[in-house]
Amino acid sequence: MNQPQINIVVPLYNEELVFDELVNRLQKLMDNTRLSIEVILVDDGSKDNTAGKMRELSLKNEKFQSVILSRNFGHQSALSAGLNFVNASEAVLIIDGDLQDPPELLDEFYAQLKKGYDVVYAIRKNRKESYIKKLAYKWFYKFLKKISYIEIPLDSGDFSLISLRIVRQLNQMPEESRFLRGMRSWIGYSQIGLEYERERRGAGESKYTKKKLLKLAFNGIFNFSEYPIKVITKLGLFTIITSIIYFIYVVIKKIFFGDVPQGFTALLFMIIFFGGIQLFAIGLIGEYVLRIFFQVKKRPLYILKERVVNKEILDS
Ligand code: UDP
Ligand code: MG
């Protein structure tokens, strides 16, 4: 089969409900664009019939290849799996399977790529989510931008068109706790953001549970920032200096005025307060240690169960 110009990588977890619509949209895109496209669908251990539908599709249409993982490894790992099977000659478009990222933007993104950009990422103009979720996202990205040592564009997700040399770099990064939008930015070259309206989910509910979302946020913070550690050090230093000043003050008071310091409540508060700070600090350091712990094991990012390529099932 001819090598396609573009791969579209789509991670899917329990997306049976939007699957048909997704395939229709992608098929329409392929019919309407001059670019040659091959889609790489990744099943991230779905419990519904997503994998079944993928297999059926790939067996009759060689423009869709299926990568089926052995269990749920999470969105970032599923995406990384998809990137490992890229066979395009020019670039890769990364989208969510729930059609929140309109694949039709491909031509517009591709035009930027042709201008010499290696990464064309999408910036969400507005989110159609609950007020709390929007606020949480906004604060998180602002915070991350402040503390991280790389330029992470505000309000951009994984939705992007990336050149092959970016894909090669991503594939070579062995990071276990992946935060692809950060890694993508870290690689460098020229990158540009384009605004778009983020749609509502095509069907079904968000597959990012609060726990998974928090894990992603933590990966963003602890993989791209040394700020938490620095804060602990500064806090410790500040505490020591304050305590010395206070000690001198008390001694002087005792010598010249002879009164004994009182304040049982203040004492109790300080003990509890600093006990809390110490635990928090250990927790922060623990986050880094945990990442080292998982990294040194050098486990693969995912386990492949099956691939369907060129209408053929390949067991791994
Ligand atoms: N997803 C995945 N593995 C997971 C969770 C999500 O592959 O463990 C996929 C999901 O099927 C979708 C994309 O990641 O294609 C984004 O997830 P979702 O739309 O649920 O997240 P949200 O848009 O609500 O942040
Ligand atoms: Mg979504």
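Everything below is about the structure shown above.
On a predicted model such as this, the values are computed, not experimentally measured, just so you know. (Residues numbered from 1 in each chain as written. Chains lettered and ligands numbered in written order. Predicted model: local features only at pLDDT ≥ 70, side-chain atom pairs only at ≥ 80, totals over all residues. Heavy atoms only, no water.)

*Asks:* What is the right way to read the coordination of the magnesium ion (ligand 2) from this model?
*Replies:* Think of it this way: four donors in a tetrahedron around the metal ideally sit 109.5 degrees apart, and six in an octahedron ideally sit 90 or 180 degrees apart. Here the magnesium ion (ligand 2) is held by Asp98 (OD) and Gln100 (OE1), and the distances to it run 1.9 Å. Judged by its relative accessible area of 9%, Gln100 falls in the buried class. (Donors = N, O, S within 2.8 Å, 3.2 Å for Na, K, Ca; no water. Buried < 20%, exposed > 50% of the residue type's maximum accessible area, 1.4 Å probe, protein only.)

*Asks:* For this particular structure, what's the right way to read the pattern of salt bridges?
*Replies:* For side chains bearing opposite charge, pairing can occur when the charged atoms are close. The tally for this structure, following the rule as stated, stands at 13 salt bridges. Lys311 is the salt-bridge partner of Glu62, the closest N and O atoms lying 3.6 Å from each other. Taken together, the residues Glu62 in the loop between helix H2 (50-60) and strand S3 (64-69) and Lys311 in the loop between strand S8 (304-309) and strand S9 (312-315) connect sequence positions 249 residues apart. Note on Glu62: relative accessible area 27%, which makes it partly exposed. Accessibility expressed as a relative area gives 42% for Lys311, which makes it partly exposed. Arg291 is paired through a salt bridge with Glu287; the nearest N and O atoms lie 2.9 Å apart. (Salt bridge = Lys/Arg side-chain N within 4 Å of Asp/Glu carboxyl O. Helix = DSSP H or I, 4+ residues; strand = E, 2+ residues; numbered from the N terminus.)

*Asks:* Can you walk me through a nonpolar patch on the surface in this structure?
*Replies:* Together, Ile240, Ile244, Phe247, Ile248, Val251, Ile252, Ile255, Phe256 and Phe257 make up a nonpolar patch on the protein surface, roughly 980 Å² of accessible area in all. Along the polypeptide, Phe257 turns up in helix H9 (residues 227-257). (Patch = residues over 30% accessible without salt bridge, like charges linked within 9 Å, V, L, I, M, F, W, Y side chains within 5 Å. Areas by Shrake-Rupley, 256 points an atom, 1.4 Å probe, with all protein chains shown as cover.)

*Asks:* How should I be thinking about the side chain of Asn223 in this particular structure?
*Replies:* For Asn223, the position within the fold is in helix H8 (residues 210-223). Reaching out from Asn223, the side chain makes a polar contact with the backbone oxygen of Ser177 at a distance of 2.7 Å. In this structure Asn223 touches Tyr149, Glu175, Ser177, Phe218 and Arg291, once residues within four positions along its chain are discounted. (Polar contact = N/O pair within 3.5 Å; in protein donor to acceptor, adjacent residues only side chain to side chain. Contact = heavy atoms within 4.5 Å.)

*Asks:* Explain a positive patch on the surface to me, please; I cannot follow it from the model alone.
*Replies:* A cluster of basic side chains, namely Arg71, Lys211, Lys215, Lys297 and Arg299, defines a positive patch on the protein surface. Assignment of secondary structure puts Lys297 in the loop between helix H10 (264-296) and S8. For Lys297, a relative accessible area of 33% puts it in the partly exposed group. (Lys, Arg positive; Asp, Glu negative; His and termini not counted. Charge placed at Lys NZ, Arg CZ, Asp CG, Glu CD.)

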